[in-house]
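# Analysis of the macromolecular model
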Amino acid sequence: MTVSEPAPAPENRFPAKAVSTYGGPARCFAELSYMHGVEAILVDYLKNYPQAAPAVALSGGHGTGKTYLLTWLGKRATELRSAGARVIYAKTDSPNLADAYRSLISNLTRRDLLEVVHAALLRRGLSRVQAAAATQSDGEIIDQTGSMEAAYAEKVLDPNELHLELRQTLQGRSVATAVSQKIAYAIGLLDHAHYGEAAYDWLAGQGGALPDETLKAPLFGGEQVDGSQVVVEALETIAALFQVANIPLLVMLDQVENFIPPDDVKGASSVMKKLAEQLGEQAAMVVMAGTPAAWEPLPRDLWPRFQNRKAFPVGNLTVDETSLLLGAYLVGSERFNPEIVGLINDLSGGNAREVLQIAHEAWEACNGDLDRLTGDDIRQAAKAAGSLDDRANLAQQILNDVAQERKLSIWRPEDGGGTTRVWTVEASSGTRAVVVVAVATDARAESLLAGEVAGFARRYQAEGDAREMIVVTVGYSSEHVQSLLTGISRTIVFREHSFKSELIGGLEAIMAAPPAAAGPPARATDSEVERKLADMERAIGEILKAREEAQTKASETLARNAEAFVSSEHRQREAKTKLQLREGLDDLSHALTRETLEEERHVLRSLLIDNEAYVKNDDFDYLGNMYLDALDIQGLLSIQAVSDPHTIYNRITDLRSRLIAVMRRAITTPSSQLTNSVSFRGIISVGAAVSTAAAFYAMGVFTPFYMAQIELMLASLVIGLLTAGFIFLYIELLMRPSFRFGGLRREIDRIRNSIGADDPARRPGPEVGEPSPAPSSEGR
Amino acid sequence: MAFGHPGWQLESNPFPSASVALSPLSDSGQLSYYFDFYEWRDTGRVAYIDAQGRVQVFQLASGPTMTFLISGPTGCGRSSLENLILFELAQRSGEPLVVSQRLSLSAQDNFTRGTMLVQDLEDAVRQRSQAVADTILSTFSRWQQLTPPGVQPDITNLLARIRRNIEQGLPGAPIVVSFDALDHSIGHDTGLEALEMVQGFADVAILSVTIPDHASFVRSRFSSRQRPVAWINAPRIQESAFRQYLERRMGAERAAGSTPPHATYPLSDEAISTLFAPAEGSGPVELSIRLAIQKLAGALAYKERAMATSPTMSPQLDAEDVRRSFARQ
């Protein structure tokens, strides 16, 4: 008879410290209600680009989700394909705004900037050739190929002139030309074969050796004293480049509190005003995020520069949202009692990071048995959920104290990186121990940390140094990983009240042993340790994988639940947008009647962005793009010589009119979610398959043609499968706009092909337009 | 022998040099193709082209280097004008020794620029006199040897020595240095520095730039230092000027004894207007002379082909012919 061991406590589901990193691993985003106000501003900006560029201030305490919101906004901006926006983000880590500038520009590679320069030049080149009937066909080639090489080769356009004009335009956009002149010049050098890379480095504020006198001094430093002013002017010129290229630019500055020195609030405010104003003038949207304490002391004259004349509050989760957030991390039937959720929400003030930290501590307190939690436990957990860094510092302080008390030498031979700090402790006997203080914010971080510790052990092993390790974990800690680490080290989970005694116990045990002999260890021990380490690393790898999956799952659950939670809000917004789309189609119809192609383009672009943002109707998107193609053909009509332009004009106008009607229908009666779902198609296909197979089988049984039973069954099965496949594919095709609106697409193609096809001089032979036409044979 | 369709009444091609710069130094017959659509900004020094293609005002400064600034985008006749200046110079002072240098970001300092210039000059001189070229080489070598290591070489000193070599070996041959500062990647000071370097060395210095502002900048600097400078801008051409040009060219190539219905025949007024027609909503159109001629030549070729398939078609080019030809170029 065996005694069953008690089941191990489940791992803590919550991170000890929730941190969102901009540009970090892409996970699902939960749309919470506080995000929608800012999103609406972003969509409006993109729709109306380049008419009005707002500046937005976000205010929220640490952990409220400012970085999370900025990440989401950046994602939303780039998701809206019709807008084609670019996003640059910087976290201001110091009062030196030049650092933020460097960080912002690091979002753009040289290739990215070259693409923007190319787009800017292309627009200029296009507007030049499209201004004259004689060169409109060159414009068509540029438009179709996205290249001006042919126009350059034909000397229709002068690349140097375009570059120099662009440079002058960029210089002219800034009031103070000292910096903009240099920035504009450096932008022009980006495509230089030898100095392009150096120009990019210079532009990114990294120096760069350029031969021209103008750019010999770096952007920051040199004669320029006021770095903030340089940053504002440099960003303004770069924003101007984006505007010339017609590319919306979203500039996001996180943690602005770091560049507001308490002794120069006025100066910082002035810089923020300039950023908001000057970038706004170049049609770039600026979003700045900071803590309420950062915004509070800023003078009142700052606020007229920002949207709604105030900072948008970030975070402040409602009780329901707190419940969603907590629920996303829980597994199976685990759940918090609603009163407990309410209390967590109260104690955290709706701060997402604090919600999770309290939950982490609460989990520790009850060992995962959430039903046991009381109000007092939660209040206690809220107290314990302090800063991990503070706790790590405290652990080090205690370690130093213990070393001093026990007369042990202690030094820090190396830095273990961002999460680990490594100390070597040596007794007078020469016996050494390594103490690793490691901070783990969550389950995934703990796994990574365990991998690092295994790395240390492997290194010491390779170096023939048999010193023992004590691993002190601060923050997230699980029994599973602890037990693995025990195989190669002594592990202590940092708890303020018991840490000192546990540390002394561990050190005493190590120091009591004789010092390890120098030199390589015996081979047998070597291979044994090696095997142990390899097993451990494998196990850690598996844990890491499982935890990453769990983390992703939590994000997805939160996103799903949040979506369900805000679905009524979504529905309202979608309904409102649909109404706007219908009204927009009326505007489009009026623009069509007035025959103003540019207005049609503008209205349509705005409608497509609205649709992408809030409705996501694929049919509308497809039809809208077809409409754009029709507009291109209309443009061609004014260039190409056709025998019956009137008829083609009428056809293309009529087609646009019909497209508007179809787009209206697509908005009014979209294909339902049911028909869109894969399971629906599956059910229909299976249904059809069963019916067909049954019919075939029945036919086989009741007709005089002989067929063995087994063959009949097999044949019925094959026919059923074929029918299912066919039906499934057919429905799949039917769902695709390109299939359903194929007729309209073909009509557009036919009209496009018909242009120029009836030119009497179109036949093989020497190209016309050669500079010196050869004299005719008659003339000779 | 006629050009194009016989009905056009043209003896020869009115635009034989549409894609290359005119060069009267190599073919003085090309003078007749010049047309004065240039903007002469210093009419006291150099101005106006007459019907024979000669520059009417051409006042070279005696002593100091005369600087010509030519601005304008590609295809607007910058190189043709430069060649005309060289031709006028040759008429007055003998065949010039011409050195052309393209200013680039890679060769920014005067030392690199100056030594490259001397090497090119030595090549140009060698075509006339091996001995003088050898003297230039030995001057260059001596100058290099005399420059102590680590000391900034004095390029002005080198150029002064080379000039003396040329004055002694090829007396009367004016030295012309032509800088092409069209590359957008060079800074706006580069042209100025290059011109400064050859002051006193060259008899004539020419700087070609794309943007008029850059020429204006150099001109104001030179004027303030009392240096002789003349700026000519080569703009894009407008319809009225092009029409005059066409009348001149068509008249010059008209077949003997023919009686065309109008001066620009076979180009109708509408055809010329179509060439300069603005797109919807655009302002007046200006085209580079090269592009305007190319488009017109294209229209003539198109018409010739169309007439080959429909012999009854009128030989005159109307607006529709020009429009159709645009689509095919």
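So, how was this worked out
- All residue numbers here refer to positions counted from 1 along the written sequence of the relevant chain.
- In the order they appear in the text, chains get letters beginning with A and ligands get numbers beginning with 1.
- Per-residue local features of the predicted model are confined to residues with pLDDT of at least 70, and side-chain atom pairs are confined, for both listing and counting, to 80 or more; whole-chain, interface and lining totals are unaffected and use all residues.
- Where helices and strands are cited, they refer to DSSP runs of H or I of at least four residues and of E of at least two residues respectively, numbered from the N terminus.
- Each residue is classified by how many other C-beta atoms fall within 10 Å of its C-beta atom, where C-beta atoms are placed from the backbone; a count of 20 or more means buried, 12 or fewer means exposed, and values in between mean partly exposed.
- Note that contacts rest on C-beta atoms placed from the backbone: two residues are in contact if these are within 7 Å.
- Paired strands, in this sense, are two strands between which DSSP finds at least two bridges.
- Axis definition: a line fitted to C-alpha atoms, limited for helices to the stretch in contact. Angles are taken between N-to-C directions and run from 0 to 180 degrees.
- By definition here, a helix of n residues has an expected span of 1.5 Å times n minus one.
- Any angle that is under 35 degrees is reported as roughly parallel, and any over 145 degrees as roughly antiparallel; angles of 65 to 115 degrees are reported as roughly perpendicular and all others as oblique.
- Crossings are assigned a handedness: left-handed for a near helix turned anticlockwise from the far helix by less than a right angle, right-handed for a clockwise turn.
- Just so you know the grouping, Ala, Val, Leu, Ile, Met, Phe, Trp, Tyr, Cys and Pro go in nonpolar, Asp, Glu, Lys and Arg go in charged, and all remaining residues, Gly too, go in polar.
- A set of buried residues qualifies as a nonpolar core if it consists of Ala, Val, Leu, Ile, Met, Phe, Trp, Tyr and Cys joined through C-beta atoms within 7 Å.
- Values of pLDDT, the confidence the predictor places in each residue, fall between 0 and 100.

## Considering the overall build of chain A
When its secondary structure is counted, chain A shows 30 helices and ten strands. Counting every position in chain A, which comprises 780 residues, the buried fraction comes to 42%. Within chain A, contacts between residues at least 6 apart in sequence are counted, and of these 72% link residues at least 24 apart.

## Looking at the overall build of chain B
Within chain B, the secondary structure is distributed over ten helices and eight strands. The long-range share in chain B, meaning contacts at least 24 apart out of those at least 6 apart in sequence, stands at 69%.

## Some words on the sheet that holds strand E3 (residues 249-254) of chain A
All names here are of chain A. Within the open sheet, the five strands sit side by side as E2-E3-E4-E1-E5. Their pairing is parallel. Two strands lie at the open edges of the sheet, namely strand E2 (86-91) and strand E5 (311-313), each paired on one side alone. Between one strand axis and the next, the sheet turns through 20 degrees on average, direction left out of account. Across six bridges, the pairing between E2 and E3 is parallel. Bridge assignment links Lys 91 to a residue of E3, and that residue is Asp 254. The sheet strands contacting helix H2 (residues 66-79) are strand E1 (55-59), E2, E3 and strand E4 (284-290), and the helix crosses E3 at an angle near 170 degrees.

## Examining the sheet that holds strand E4 (residues 66-71) of chain B
All names here are of chain B. Ordered in space as E1-E8-E4-E7-E6-E5, the six strands form an open sheet in which the pairing is mixed. Looking along the sheet, the strands with just one partner apiece sit at the ends: strand E1 (39-40) and strand E5 (97-102). Strand direction decides the pairing type here: E4 and strand E8 (residues 229-233), joined by five bridges, are parallel. Pairing of Ser 71 across the sheet is with Asn 233, part of E8. With respect to the sheet, helix H2 (residues 110-126) is in contact with E5 and strand E6 (175-180), its orientation differing from that of E5 by roughly 145 degrees. Seen against the sheet, helix H5 (residues 190-197) touches E4, E6 and strand E7 (204-209) and runs at an angle of roughly 170 degrees to E7.

## Side note on helix H7 (residues 159-173) of chain A
An α-helical turn contains 3.6 residues, so any two residues separated by three or four positions project in the same direction. Residues and elements named next belong to chain A. With 15 residues, H7 extends 21 Å between its outermost C-alpha atoms, agreeing within 8% with the 21 Å of an ideal straight helix rising 1.5 Å per residue. Those residues of H7 that fall on the buried side of the exposure criterion are Asn 160, Glu 161, Leu 162, His 163, Leu 164, Glu 165, Leu 166, Arg 167, Leu 170 and Arg 173. On its buried side, H7 packs onto helix H4 (110-130), helix H8 (177-189) and helix H10 (227-244).

## Side note on the packing of helix H3 (residues 130-146) of chain B against helix H4 (residues 155-169) of chain B
Residue and element names in this part refer to chain B. Their axes nearest at 10 Å, the elements H3 and H4 cross at an angle of 160 degrees. On the basis of the axis angle, H3 is roughly antiparallel to H4. Judged by the sense of rotation from one axis to the other, the crossing of H3 with H4 is right-handed. Along its contact with H3, which presents Ala 131, Val 132, Thr 135, Ile 136, Thr 139, Phe 140 and Trp 143, the element H4 presents Leu 158, Arg 161, Ile 162, Asn 165, Ile 166 and Gly 169. Partitioning the contact of H3 with H4 into residue classes produces eight nonpolar, four polar and one charged.

## Points about the pairing of E8(B)
Residue and element names in this part refer to chain B. Taken across its five residues, E8 has four buried, putting it largely inside the fold. With two bridges connecting them, E1 and E8 associate as antiparallel partners. Pairing of Trp 40 across the sheet is with Ile 232, part of E8.

## Focus: the nonpolar core
Residue and element names in this part refer to chain A. Counting 255 residues, the largest nonpolar core has Leu 58, Val 251 and Val 287 as the members making the most contacts within it. If you tally residues by element for this core, the top one is H10, at eleven residues. Among all residues touching Leu 58, those that are not within four sequence positions of it are Val 38, Lys 66, Leu 69, Val 287, Met 288, Ala 289, Ala 311, Phe 312 and Val 314. With 42 residues, the next largest nonpolar core counts Ala 395, Leu 399, Ala 454 and Val 474 among its residues.

## Let's talk about the pairing of strand E7 (residues 420-426) of chain A
All names here are of chain A. Of the pairings in the sheet, the one linking E7 to strand E8 (residues 432-440) comprises seven bridges and is antiparallel in character. Directly across from Arg 421, in E8, lies its bridge partner Val 437. Between E7 and E8, which pair antiparallel in sequence order, lie five residues; one of them, Gly 430, sits at a positive phi of approximately 100 degrees.

## Topic: unusual backbone geometry
Residues A:Tyr49 and A:Pro50 are joined by a peptide bond in cis, for which omega reads 0 degrees. With respect to the helices, strands and loops of the structure, A:Pro50 is situated in the loop between helix H1 (33-48) and E1. Phi is positive for A:Arg309, close to 55 degrees, though the residue is something other than glycine. Unlike most non-glycine residues, B:Gln226 shows phi in positive territory, near 60 degrees. Along the chain, the position of B:Gln226 falls in the loop between helix H6 (212-224) and E8.

## A closer look at the packing of helix H15 (residues 352-366) of chain A against helix H16 (residues 375-384) of chain A
The axes of two packed helices give the description: the angle between them and the distance between them. Residue and element names in this part refer to chain A. Two numbers describe how H15 lies on H16: the axes approach to 8 Å, and their chain directions differ by 120 degrees. Accordingly, the angle class assigned to the pair H15 and H16 is oblique. Note that H15 runs across H16; the crossing there is right-handed. Contact with H15, carried on its side by Ile 358, Glu 361, Ala 362, Ala 365 and Cys 366, involves Asp 377, Ile 378, Gln 380, Ala 381, Ala 382 and Ala 384 of H16 and no other residues of that element. Classifying every residue of the contact of H15 with H16 gives eight nonpolar, one polar and two charged.

## A short note on the confidence of the model for chain B
Per-residue pLDDT for chain B averages 91, and the proportion of residues at 70 or more is 98%. In the predicted complex, the global pTM is 0.75; the interface-specific ipTM is 0.91.

## What to know about the confidence of the model for chain A
All names here are of chain A. Across chain A, the average pLDDT comes to 81, with 86% of residues at or above 70. Ranking the elements of chain A by mean pLDDT puts helix H26 (residues 673-676) last with 57 and E3 first with 96. Confidence drops under pLDDT 50 across residues 518-524; counting only partners more than four residues distant or on other chains, this segment forms five contacts. Note on residues 757-780: pLDDT is under 50 here. Beyond four places in sequence and across chains, it has 52 contacts.

## Focus: the environment of B:Val99
Residues and elements named next belong to chain B. On the secondary structure map, Val 99 appears in strand E5. Sequence separation of Val 99 and Tyr 38 is 61 residues, and the distance between their C-alpha atoms is 24 Å. Look past the residues within four positions of Val 99 in its chain and what remains in contact with it is Leu 117, Asp 120, Leu 121, Ala 124 and Val 177.

## Brief notes about the environment of A:Ala554
Residue and element names in this part refer to chain A. Relative to the helices and strands, Ala 554 resides in helix H21 (residues 523-565). Residues Ala 554 and Thr 237, 317 residues apart in the sequence, show an inter-C-alpha distance of 42 Å. Setting aside anything within four residues of it in sequence, one finds Ala 554 in contact with Ala 328 and Tyr 329.

## A few points about helix H13 (residues 319-329) of chain A
Most of H13(A) sits out of view: eight of its eleven residues are buried. When we look at burial in H13(A), the residues that qualify are A:Glu321, A:Thr322, A:Ser323, A:Leu324, A:Leu325, A:Leu326, A:Ala328 and A:Tyr329.

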